[in-house]
Amino acid sequence: MHFDSIANLQLLINGFAIGSIYALVALGFVLIYNAVGVVNFAQGDFVMLPSYVAISFLAPSVAVFGVQMHWQLPPLAVYLLVIVLMTGFALLFNRIAYYPLRDRGWMPVVISTIGVSIFLRNFAQLTWGSQPLSFPSPFTADTIDFGGLHVRPQDLLIIAVTATLIMFQYVLFEKTSLGKQMQATAQDRTTARLLGIRVGRIVAFTFVYSVLLGTISGLLVAPVFTVTKEMGGLIALKAFAASIVGGFGNIPGAIIGGLTIGVVETFGGFYISSAYTDAIAFVILIAVLLVRPQGLFGERVAEKA
Amino acid sequence: MSLGRKNFLAAGAAGAVLGLIGPPSIVLGAPEPIRIGLIPPITGANALLGQQEQDGVKLAVDEINARPDKVFAGRPFEIVTEDATNDNQSAVAALNKILGENIEALLAPVLSTQVQAMAPVMKTHLIPWLTGGTAVKNTQLGVDGLFRLRASDAITAAAMTAFAVQDQHAKRPAILHASDAFGTGGADQIVANLKKFSIDPVANEQFPKDTKDFTAEILKCKSANCDALLLYIQNPSDTAVILQQIRSLGLSVPIVGSPSLGNQTALEIAKASADGCYVGLDFIVGANSPVATRFVRNFSQQFGHAPDVGSGSGWIYDGVYLLAAAYAKQKSTDPKTTLATLRATKDYAGVLGTFTCDGEGNMIHQISIGKIENSKVTLVKKVSA
C-alpha cells in the first residue's frame with residue numbers, strides 16, 4: 001500500500017464528513033443524558049423520520065400509505081416545515097416516552113425509548129413502504145474536482161453545518177440564560193428547581209434540541225445515503241460509541257469523539273482492512289475505556305468508601 | 001320477544017354444533033387449500049426484497065387460483081407467511097413456526113445466509129424447499145429437497161469475470177463485495193475464475209452490513225489502479241449508493257455487477273451513476289421468453305410498476321408455478337412425490353429461463369449480461385454454464 005497524499009486528503013475530508021454526522025447524533029445522546037440521566041435509544045430514528053417526512057414533500061412522487069404524493073415543495077419551505085413538525089414530535093416524545101416515567105428510575109425510560117425506536121421503524125415501513133427512497137441533492141454538481149481531489153459539495157455542507165451548530169451551541173450554553181438554565185438542570189435538577197428554573201420546560205426544550213440535531217443530521221446525510229428505515233441505526237451506534245469515547249455527558253467530548261471515530265474508521269478501512277471498518281470504532285472505544293475509563297474529556301468519578 | 005329456557009338451550013346447542021362443523025363452505029365440501037410456506041424478509045434492511053417476493057407470489061397464486069385447469073383437484077393455493085427479517089436467528093425462528101402450519105412446500109428466503117442458517121432444521125423435514133439464494137454452498141448443504149430457482153453464483157461470477165476479462169479487456173480488476181454469505185461466496189467465485197485467466201485481483205474489498213460510507217473501499221480499489229471493478233452485492237440500495245460514491249470519487253473504470261445492480265430500485269436511486277455499467281442478470285425485460293414477457297405485463301398491471309429483474313419477484317413466481325405443475329402432473333401434493341417430480345424437471349419454460357434440475361437441485365443454468373443506459377438494461381449476451 002503506497003501513501004498517496006491525494007488519497008489521504010480525500011479520506012480526511014470524507015472521514016470528517018461522516019464524523020460530523022456522528023458528532024451531531026452523539027450530541028443528541030449527550031444532551032438528553034445530561035438532562036434526564038438516560039440513554040435515548042431512539043436517537044438514530046430521529047435521523048430517519050425527518051428524512052422520510054422531508055422527502056414526502058420534496059420528491060416529485062412519493063407513495064405515502066400507498067397513495068402517490070406529488071407535492072414537490074421548495075426545499076427551504078420543506079426544511080422549515082420538517083423542523084416545525086419534528087419540534088412537535090419532540091414535545092410528544094418527551095410527553096409520552098419520558099414524562100410519565102420520569103420518577104421511576106432510568107430503566108423504564110430506556111425501555112420506553114427502545115419501544116419508540118421499534119415503533120418508528122415499523123411506522124416508517126407502513127407509511128412509506130420498504131422501497132429505499134432517493135433524496136434530491138440541493139446541489140447540481142455531484143463533485144467539485146481540483147488537483148485529483150473529488151469533493152462532494154454535500155460533504156462540505158455537512159462539515160460547515162456541523163461547525164456552525166457547534167458554534168451556535170457554544171453561544172447558547174455559555175452566553176444565554178436559556179443555555180445556563182440547561183446546564184444547571186443537567187448538573188442538579190433539584191437545585192435548579194430551587195433556583196426557580198422551570199425544570200420541566202428546560203427538559204422539554206432539551207428534547208426538542210436533541211431531536212432537531214437528529215433532524216439536521218438526517219437532512220444532511222439523506223442525499224448521500226438514500227432514505228431507508230434503517231439509515232439511523234449504524235449512525236446511532238457509532239455516535240453512541242463516540243459519546244463514550246469523548247466521555248459520556250461531555251459535550252466537547254461528543255464532538256471530538258464523533259470526528260475521531262469518523263476519521264479513524266475511514267483511514268482504518270483504507271490502510272488496515274475495509275472488512276473491519278465498523279470494528280475499528282469499537283476497538284477505539286475499548287482502547288479508550290481501558291486507558292481512560294471516563295473517556296477523553298470525562299471527569300473521573302470516585303465513590304466514597 | 002322473550003326467549004324461554006328451552007329455546008335458549010336449543011339455540012345454544014345449535015350454535016355449538018355449527019361451531020363444531022364450521023362455516024357452510026366446509027359443510028358443502030369446499031376443497032382444502034394447498035398450503036405453501038413463505039419466509040420473506042418483511043421487516044429489516046432487506047424488506048424491499050421481501051416485498052418483491054410477496055408480490056411475485058401473490059401474482060402467481062392469483063393467476064393459478066383463477067384458472068381451474070392450473071389448480072390441482074380444485075384446491076386453491078394458500079400462502080402462509082412468516083417474517084424472516086434481516087437476521088439468521090429470526091429466519092430460523094420463522095421456519096420453526098411455519099413448519100407447524102401444515103405446509104406442503106416452502107418458498108425459502110432469497111438471502112443465502114438465512115438459507116444456510118436454516119439448513120440444520122431443513123434437514124429434519126422432507127418437503128420441497130425452493131430458494132432464490134444464489135450462494136454456491138446452498139445446494140451443497142446436504143438438505144434433501146432444496147432446489148435453487150436462480151443461476152448460482154458460480155454461473156453468474158464466471159459470466160461476469162469472463163465478460164470483464166474478455167470483453168472489457170481487464171488486466172487489473174478489483175472486487176468490491178458485501179461481507180455476507182452472498183457477497184463473499186460471489187467474490188470467491190470471481191477470484192477462482194480470474195485465476196483461469198492467470199489474473200489476481202489488485203484489490204478485493206468487502207464491507208459489513210449497513211455500511212453507508214464506502215470511501216475507504218472505493219479509494220482502495222482506485223489507489224490499486226484497477227482497470228475494471230466487479231461488484232458482488234445483494235442489497236439494491238447498497239449497490240445504488242456505492243455506484244453514486246464510485247462516480248463522486250472519480251473512479252471511472254468499467255463496472256460489472258451482480259444481479260442487484262440491475263434491480264429496478266437500484267437503477268432508480270443510482271440514476272446516471274449506473275449508466276455504462278454491466279450486470280449479470282437472471283433475465284432482462286424484453287429479451288426473454290414469452291413466459292417472461294407475460295410475467296412482466298401481468299406484474300406491471302397488478303402492481304403498477306415493472307418487476308425487478310430476478311432477485312425478488314421472478315424466481316418465486318416461477319417457484320409457485322413449478323409446484324402447481326408438479327401437483328397437476330403427479331395428481332397429489334405428497335411431498336416425497338413432489339421432490340421426485342421436481343428432480344425430474346427438464347426444459348420447463350419459466351420466467352428466468354429454461355429449468356432443468358441437476359444432481360444438486362440447481363434448476364437454472366444460464367445468465368444474461370446486460371448494459372445499463374438511462375436506467376434501462378439491454379441485453380449484451382447470454383451465457384450458459
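Residues numbered from 1 in each chain as written. Chains lettered and ligands numbered in written order. Predicted model: local features only at pLDDT ≥ 70, side-chain atom pairs only at ≥ 80, totals over all residues. Heavy atoms only, no water.

A count of helices and strands for chain B gives 13 helices and 14 strands. For chain B, the C-alpha atoms occupy an extent of roughly 90 × 45 × 40 Å along the three principal directions. For chain B, buried positions account for 57% of its 385 residues. Taking all contacts inside chain B whose residues are at least 6 apart in sequence as the whole, residues at least 24 apart take part in 67%. Accessible area of chain B: about 14,600 Å², with a carbon and sulfur share of 55%. Charge centroids of chain B, computed over 33 positive and 34 negative side chains, lie 4 Å from each other. (Helix = DSSP H or I, 4+ residues; strand = E, 2+ residues; numbered from the N terminus. Buried < 20%, exposed > 50% of the residue type's maximum accessible area, 1.4 Å probe, protein only. Contact = heavy atoms within 4.5 Å. Areas by Shrake-Rupley, 256 points an atom, 1.4 Å probe, with all protein chains shown as cover. Lys, Arg positive; Asp, Glu negative; His and termini not counted. Charge placed at Lys NZ, Arg CZ, Asp CG, Glu CD.)

Right, let's get into the confidence of the model for chain B. Residues and elements named next belong to chain B. Taken residue by residue, chain B gives an average pLDDT of 88. The fraction at 70 or more is 91%. Predicted confidence for residues 17-27 stays below pLDDT 50, and this span has 4 contacts to residues more than four positions away or in other chains. Of the two predicted TM-score estimates for the complex, the pTM is 0.82 and the ipTM is 0.84. (pLDDT = per-residue confidence, 0-100.)

Let's shift gears to a nonpolar patch on the surface. A surface patch of nonpolar side chains, amounting to about 600 Å² of accessible area, comprises Phe41, Trp106, Met107, Ile111, Ile114 and Ile118 of chain A. What makes methionine 107 of chain A partly exposed here is its relative accessible area of 42%. (Patch = residues over 30% accessible without salt bridge, like charges linked within 9 Å, V, L, I, M, F, W, Y side chains within 5 Å. Salt bridge = Lys/Arg side-chain N within 4 Å of Asp/Glu carboxyl O.)

Bringing the sheet that holds strand E5 (residues 146-148) of chain B into the picture now. All names here are of chain B. A sheet is described by the order of its strands in space; here 5 strands give the open sequence E2-E1-E3-E4-E5, paired in parallel fashion. In the strand order of this sheet, the two ends are held by strand E2 (77-81) and E5, each with one partner. Going across the sheet, the axis of each strand differs from the next one's by a mean of 25°, ignoring polarity. Summarising the sheet, strand E1 (residues 34-38) and E2 pair through 5 bridges and their orientation is parallel. The residue of E2 that forms the bridge with isoleucine 36 is isoleucine 79. Contacting E1, E2 and strand E3 (105-107), helix H3 (residues 47-66) runs over the sheet at an angle of about 160° to E2. (Pairing = 2+ DSSP bridges. Axes fitted to C-alpha atoms, helices over the stretch in contact; angles between N-to-C directions.)

As a further point, take the interface of chain A and chain B. The partner chain B presents 34 residues to the 33 residues of chain A that form the contact. Here chain A packs against chain B, burying approximately 2,700 Å² in sum over the two surfaces, 57% of which is carbon and sulfur. Taken as a group, Phe225, Phe270 and Ser274 of chain A account for 18% of the area that chain A buries against chain B, more than any other trio of residues on that side. Our enumeration of links across chain A and chain B arrives at 0 salt bridges. One can count 8 residue pairs in polar contact (both at pLDDT 80 or more) joining chain A with chain B. The greatest single-element share of the side of chain A that touches chain B, amounting to 5 residues, is contributed by helix H1 (residues 5-36) of chain A. Looking at the side of chain A that touches chain B, its residues break down into 11 nonpolar, 18 polar and 4 charged. (Buried area = accessible area lost by both parts, 1.4 Å probe. Polar contact = N/O pair within 3.5 Å; in protein donor to acceptor, adjacent residues only side chain to side chain. Nonpolar A, V, L, I, M, F, W, Y, C, P; charged D, E, K, R; others polar.)

With that settled, consider the pairing of strand E7 (residues 203-207) of chain B. Residues and elements named next belong to chain B. Across the two faces of E7 the burial differs, with Ala203, Glu205 and Phe207 buried and Asn204 and Gln206 not buried at all. Looking at chain direction, strand E6 (residues 173-178) and E7 are connected through 5 bridges and run parallel. Paired with alanine 174 across the two strands is alanine 203, which belongs to E7. For the crossover from E6 across helix H7 (residues 181-196) to E7, the handedness is right-handed. (Right-handed = clockwise from strand over helix to strand, strands pointing away.)

As a further point, take the pattern of salt bridges. The final tally for this structure, using the stated rule, is 18 salt bridges over all chains. A salt bridge links glutamate 230 of chain A to arginine 121 of chain A; its shortest N-O distance comes to 3.4 Å. Remark: arginine 121 of chain A occurs in helix H4 (residues 106-128) and glutamate 230 of chain A occurs in the loop between helix H8 (199-225) and helix H9 (231-246); sequence separation between them is 109 residues. A relative accessible area of 25% places arginine 121 of chain A in the partly exposed class. A salt bridge links lysine 212 of chain B to aspartate 238 of chain B, with the nearest nitrogen and oxygen atoms 3.7 Å apart. Here lysine 212 of chain B is found in the loop between E7 and helix H8 (215-223), whereas its partner aspartate 238 of chain B is found in helix H9 (residues 236-248), with 26 residues between them in sequence. Pair check on accessibility: lysine 212 of chain B and aspartate 238 of chain B agree, each one buried. One network of salt bridges, with partners in common, ties together Asp45, Arg121, Lys229 and Glu230 of chain A.

Our focus in this paragraph is the nonpolar core. Grouped together as the largest cluster of nonpolar side chains are 87 residues, with contacts concentrated most on Val36, Leu49, Phe89, Trp128, Phe135, Val227 and Ile261 of chain A. Beyond its immediate sequence surroundings of up to four residues, tryptophan 128 of chain A is in contact with Leu49, Tyr52, Val53, Ser56, Val62, Ala63, Val64, Phe123 and Leu133 of chain A. Of all hydrophobic cores here, the second largest spans 66 residues; its members include Ile64, Leu130, Phe147 and Ala157 of chain B. (Core = buried A, V, L, I, M, F, W, Y, C linked by side-chain atoms within 4.5 Å.)

Moving on, we come to unusual backbone geometry. Residues other than glycine seldom take positive phi values, yet glutamine 72 of chain A does so here, at roughly 50°. With respect to the helices and strands, the residue glutamine 72 of chain A is situated in the loop between strand E2 (67-69) and helix H3 (75-98). With a phi angle near 50°, alanine 73 of chain B is a residue other than glycine that sits in the positive phi range. Position of alanine 73 of chain B relative to the elements: it lies in the loop between H3 and E2.

Moving on, we get to the packing of H9 of chain A against helix H10 (residues 251-271) of chain A. Packed helix pairs are characterised by how far apart their axes lie and by the angle those axes make with each other. All names here are of chain A. Packing of H9 against H10 brings their axes to within 7 Å, and their N-to-C directions diverge by 120°. Taken together, the axis directions place H9 and H10 in an arrangement best described as oblique. Relative to H10, the crossing made by H9 is right-handed. Packed against H9, whose contacting residues are Lys238, Ala241, Ala242, Ser243, Val245 and Gly246, the element H10 presents Gly253, Ala254, Gly257, Gly258, Ile261 and Glu265 at the interface. In terms of residue class, the contact of H9 with H10 is made up of 5 nonpolar, 5 polar and 2 charged. (Parallel < 35°, antiparallel > 145°, perpendicular 65-115°, else oblique. Left-handed = near helix turned anticlockwise from the far one by under 90°.)

Attention now moves to the environment of phenylalanine 93 of chain A. Residues and elements named next belong to chain A. Relative to the assigned elements, phenylalanine 93 resides in helix H3. C-alpha separation for the pair phenylalanine 93 and glycine 28, spaced 65 residues apart in sequence, amounts to 14 Å. Setting aside anything within four residues of it in sequence, one finds phenylalanine 93 in contact with Asn40, Phe46, Tyr98, Thr113, Val116 and Phe207.

Turning our eyes to something else, we now look at the sheet that holds strand E8 (residues 228-232) of chain B. Residue and element names in this part refer to chain B. Strand order in the open sheet formed by 7 strands is E7-E6-E8-E9-E10-E13-E14, and the pairing between neighbours is mixed. The open sheet is flanked by E7 and strand E14 (376-384), the only strands paired with a single partner. Strand after strand, the sheet turns through a mean of 20° between neighbouring axes, direction not considered. Helix-sheet contacts for H7 involve E6, E7 and E8, and the interaxial angle to E6 is about 160°. Where H8 meets the sheet, it contacts E6, E7 and E8, and its direction lies at approximately 175° from that of E7.

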